[in-house]
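# Structural overview for review
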Amino acid sequence: MAETTETAGPAGEDRYVPSARRLERERFKRTRARRATAVAALSTLVTGVVLFLAVVNSPGWPRTRETFFSAHYAREALPEVLDGLWLNLRLLVVCGAAVLVLGLLIAVARTLRGPVFFPLRALATAYTDFFRGLPLVICLLMVVFGIPALRLQGVTTDPVLLGGTALVLTYSAYVAEVFRAGIESVHPSQRAAARSLGLNGRQTLRFVVLPQAVRRVVPPLLNDLVSLQKDTGLVSIAGAVDAVYAAQIVASKSFNYTPYVVAGLIFVALTIPATRFTDWVTARMDRRRAQGGIV
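Residues numbered from 1 in each chain as written. Predicted model: local features only at pLDDT ≥ 70, side-chain atom pairs only at ≥ 80, totals over all residues. Heavy atoms only, no water.

With that settled, the discussion passes to the pattern of salt bridges. Following the criterion strictly, the structure yields 8 salt bridges and no others. Of the charged contacts in the structure, one is a salt bridge between Arg 27 and Glu 24, with a shortest N-O distance of 2.5 Å. Of this pair, Arg 27 and Glu 24 both sit in helix α1 (residues 20–56), 3 residues apart, which is roughly one turn of the helix. Its salt-bridge partner being Arg 110, residue Glu 177 comes within 2.6 Å of it at the nearest N-O pair. With a gap of 67 residues between them, Glu 177 in helix α6 (residues 159–185) and Arg 110 in helix α3 (residues 71–111) connect regions that are remote in the sequence. A cluster of three or more residues bridged by salt bridges with shared partners is formed by Arg 110, Arg 132, Glu 177, Arg 180 and Glu 184. (Salt bridge = Lys/Arg side-chain N within 4 Å of Asp/Glu carboxyl O. Helix = DSSP H or I, 4+ residues; strand = E, 2+ residues; numbered from the N terminus.)

One finds Cys 95, Cys 139, Leu 167, Phe 179, Ile 183, Leu 221 and Leu 228 to be the most contacted residues of the largest nonpolar core, which totals 40 residues. Mapped onto this core, the elements with two or more residues apiece are α3, α4 (118–133), α5 (136–150), α6, α8 (201–216) and α9 (218–231). Looking at this core, the element that brings in the most residues is α6, giving 11 residues. With residues near it in sequence (within four places) discarded, Cys 95 still touches Gly 164, Leu 167, Val 168 and Leu 228. In this structure, Ala 77, Ala 243, Ala 263 and Phe 267 belong to the second largest nonpolar core, which totals 10 residues. (Core = buried A, V, L, I, M, F, W, Y, C linked by side-chain atoms within 4.5 Å. Buried < 20%, exposed > 50% of the residue type's maximum accessible area, 1.4 Å probe, protein only. Contact = heavy atoms within 4.5 Å.)

Let us now look at the packing of α9 against helix α11 (residues 258–290). At a minimum axis distance of 9 Å, the contact between α9 and α11 shows a crossing angle of 175 degrees. On the basis of the axis angle, α9 is roughly antiparallel to α11. Counted together, Val 218, Pro 219, Leu 222, Asn 223, Val 226, Gln 229 and Lys 230 of α9 and Phe 267, Leu 270, Thr 271, Ala 274, Thr 275, Phe 277, Thr 278, Val 281, Thr 282 and Met 285 of α11 form the full contact between these two elements. Residues of the contact of α9 with α11, tallied by class, amount to 10 nonpolar, 6 polar and 1 charged. (Axes fitted to C-alpha atoms, helices over the stretch in contact; angles between N-to-C directions. Parallel < 35°, antiparallel > 145°, perpendicular 65-115°, else oblique. Nonpolar A, V, L, I, M, F, W, Y, C, P; charged D, E, K, R; others polar.)

What follows is about unusual backbone geometry. Even without being glycine, Arg 151 reaches a positive phi, approximately 55 degrees. Relative to the helices and strands, Arg 151 is located in the loop between α5 and α6.

Attention shifts here to the packing of α3 against α6. Between α3 and α6, the shortest axis-to-axis distance is 6 Å and the interhelical angle comes to 45 degrees. In terms of orientation, α3 and α6 fall into the oblique class. As α3 runs across α6, the sense of the crossing is right-handed. Counted by class, the contact of α3 with α6 contains 19 nonpolar, 4 polar and 4 charged residues. (Left-handed = near helix turned anticlockwise from the far one by under 90°.)

Take a look at the structure:
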């Protein structure tokens, strides 16, 4: 049986008319999608109600609610936490830009060819291996407390700058590996085609390899920036008054931990949109790649 039928339009042109079978199949798909959505919503609601009842009926819930979910202390801590959050956002912007630039330079250094570049490749490899293996907290402690202990002339002791430096050092190693994976994913035929057109090695890297590599690694780069957004709160180790340290100051006055919950919820509220944006970019690039829109 035919899936579609064609009828003549007013100007004698063929007009598409879906067949009865196609209409029935589309109707069945819509019904199945609505049923699946309803089942998912119902199961989610039931799970949420069960978890809520399990928590509020636990023996220690009244004390836990007073200690971690006090509306009074939440209102008291919110302005201080928001003031500290401004520092986290500035660190995210500045450190994120520095991480992208330094990570790209390290990745390019690791992919340089020829024996003359071996020392540069070795240094870049040692850098990535060291800072990827070093925990971020230890890197922060070493930079924040180790550099001022050297008493070097002209070297800052500002905890914000030192904490940001530690973040850049660690995340640049991860981002460099992401960029390197993108560069090495470009097929060698692309380089050969560029050289056949008269481009030298530097021009090939700049105009042919890097544009393709960067497009391919956008989703993992966004994931790294989301992680950096959360880890900016670790600069509180150095004494910088960010959102986490502001919550700690308020909590230390009352011995109530609600300010920590407020700070955590604010970070979650910032992270979720960034994560969803990353998922959207990933899905969009996958669709374009499936359609042949991305080399």
